[in-house]
Amino acid sequence: MWLIMKVFVFHFVVLLILFGVSPSQAATHNYSFVVKEASYTRLCSTKDILTVNGLFPGPTLHLRQGDTAFVHVHNKGKENITIHWHGILQPRYPWSDGPEFITQCPIMPGNSFIQKVIITEEIGTLWWHAHSDWSRATVHGAIIIYPKRGDRYPFPKPDAEIPIILGTNKGINSIL
Ligand SMILES: [Cu+2]
């Protein structure tokens, strides 16, 4: 009887480790993206541009391999919008990947939509951007994906991390 109890407890502990208390457990993140116009000054010229949360570039997502992010997109702009997660595979879940009228309907002005972003194999720095007409010129930002806790980078560990986001002159100049 005592031996049966010991075997049962051992199996129970193994199951716990396999399904839930692993130290590299994936995390869920929630972000709020309010798409709205904000005034922006460059080279002594101030214009209203479309932004996320009033920021240009927009907010940086900090995630780990295996994490899932739910990005609550609130469209307070004047045009339809979607956000695309550039370089993210989105396995078996293309429904909030961003290309409007292909994988999802655009988010109309005044409406909200939760875009689910699933990080599987990606690691390093990618970016997100609007996927409707010219809106991507100002509505974009970085996605920084770290290895799982306890894992190493698949490249030499950076000494420092400084995100640099490059835009095209054409897009920015035509708006500013
Ligand atoms: Cu893209």
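Here the structure is a predicted model, which is why all the values come from computation and not from measurement. Numbers given to residues run from 1 along each chain, matching the order in which its sequence is written. Side-chain atom pairs in this predicted model are given and counted only at pLDDT of 80 or more, local residue features only at pLDDT of at least 70, and totals for whole chains, interfaces and linings cover all residues. Remark: hydrogens and water are excluded; side-chain values derive from all non-hydrogen atoms of the structure.

Student: Give a detailed account of the sheet that holds strand β8 (residues 140-146), specifying residues and quantitative values.
Tutor: Pairing in this open sheet of 4 strands is mixed, and the strands run β3-β8-β7-β5 from one edge to the other. The outermost strands of the open sheet, each flanked by one partner alone, are β3 (61-64) and β5 (83-86). Adjacent strand axes in the sheet meet at a mean angle of 25°, parallel and antiparallel pairs treated alike. The criterion for strand pairing is that DSSP finds at least two bridges linking the strands in question. Only DSSP runs of H or I with at least four residues qualify as helices, and only runs of E with at least two residues qualify as strands; both kinds are numbered from the N terminus onward. The pairing of strand β7 (residues 124-130) with β8 spans 6 bridges and is classified as antiparallel. Across the sheet, His-129 pairs through a bridge with His-140, a residue of β8. Comment: axis = line fitted to C-alpha atoms, over the contacting stretch for helices; angle = value between 0 and 180 degrees taken between N-to-C directions.

Student: With reference to specific residues and values, describe the sheet that holds strand β1 (residues 28-42).
Tutor: Within a sheet, adjacent strands bond to each other through the backbone by hydrogen bonds, running parallel or antiparallel. In spatial order, the strands read β2-β1-β4-β6; together these 4 strands make up an open sheet with mixed pairing. In this open sheet, the two edge strands, each paired with only one partner strand, are β2 (45-52) and β6 (112-118). Each adjacent strand pair in this sheet contributes to an overall mean axis angle of 25°, direction not counted. Here β1 runs beside strand β4 (residues 68-75); their pairing, made up of 8 bridges, is parallel. Considered in β4, the bridge of Asn-30 is made with Phe-70.

Student: Which residues make up the coordination of the copper ion, and what are the values?
Tutor: Distances up to 2.8 Å from the metal define which N, O and S atoms are donors, and 3.2 Å serves for Na, K and Ca; water is absent from the atom set, so sites may look incomplete. Bound to the copper ion on the protein side are His-86 (ND1) and His-129 (NE2), at distances that span 1.9 to 2.0 Å. Placement of His-86 in strand β5 and of His-129 in strand β7 is noted, with a sequence separation of 43 residues between them. For His-129, a relative accessible area of 5% corresponds to the buried category. Each residue's exposure class comes from its accessible area (1.4 Å probe, protein chains only) as a fraction of the maximum for that residue type: buried when under 20%, exposed when over 50%, partly exposed otherwise.

Student: Would you mind going over the nonpolar core in detail, with residue names and values included?
Tutor: Formed by 22 residues in total, the largest nonpolar core has its most connected members in Phe-33, Leu-61, Val-71, Trp-85, Trp-128, Val-139 and Ile-143. Going through the elements one at a time, β1, β2, β3, β4, β5, β7 and β8 are the ones with two or more residues in this core. Every residue pair with non-hydrogen atoms within 4.5 Å of one another is taken to be in contact. When near neighbours in sequence (up to four residues on either side) are disregarded, Leu-61 contacts Tyr-31, Phe-33, Val-71, Trp-85, Trp-128, Ala-142, Ile-143 and Ile-144. Throughout this description, the term nonpolar core refers to a set of buried Ala, Val, Leu, Ile, Met, Phe, Trp, Tyr and Cys residues connected via side-chain atoms within 4.5 Å.

Student: Could you give an account of the side chain of Thr-103, with specific residues and numbers?
Tutor: On the secondary structure map, Thr-103 appears in the loop between β5 and β6. Here a polar contact means two N or O atoms within 3.5 Å. Within protein one must be a hydrogen donor candidate and the other an acceptor candidate, and residues neighboring in sequence count only if both atoms are side-chain atoms. Among the polar contacts made by the side chain of Thr-103, one reaches the main-chain carbonyl oxygen of Pro-94 at a distance of 3.3 Å. For Thr-103, the contacting residues outside a window of four places in its chain are Pro-94, Trp-95, Asp-97 and Gly-98.

Student: Mind laying out the pattern of salt bridges, listing which residues take part and the relevant values?
Tutor: Every case where a carboxyl oxygen of Asp or Glu lies within 4 Å of a side-chain nitrogen of Lys or Arg is listed as a salt bridge. Overall, the coordinates contain 1 salt bridge when judged by the stated rule. Where Lys-78 meets Glu-37, a salt bridge forms, and the shortest distance between an N and an O atom there is 3.8 Å. Pair noted here: Lys-78 is in the loop between β4 and β5 and Glu-37 is in strand β1, with a separation of 41 residues, a long-range link. Residue classification places Lys-78 among the exposed positions, given a relative accessible area of 64%.

Student: Can you break down the packing of aromatic side chains residue by residue, with the values?
Tutor: Stacked, tilted and edge-to-face are the three classes assigned to paired rings of Phe, Tyr and Trp, where Trp is represented by its six-membered ring and a pair needs centres within 6.5 Å; plane angles under 30 degrees give stacked, over 60 edge-to-face, the rest tilted. For the coordinates displayed, the defined rule picks out 4 aromatic pairs. A centroid spacing of 5.1 Å and a plane angle of 45° characterise the contact between Tyr-153 and Phe-155, whose relative ring orientation is tilted. Judged by its relative accessible area of 17%, Tyr-153 is buried. Chaining the aromatic ring pairs together yields one cluster made of Phe-33, Trp-85 and Trp-128.

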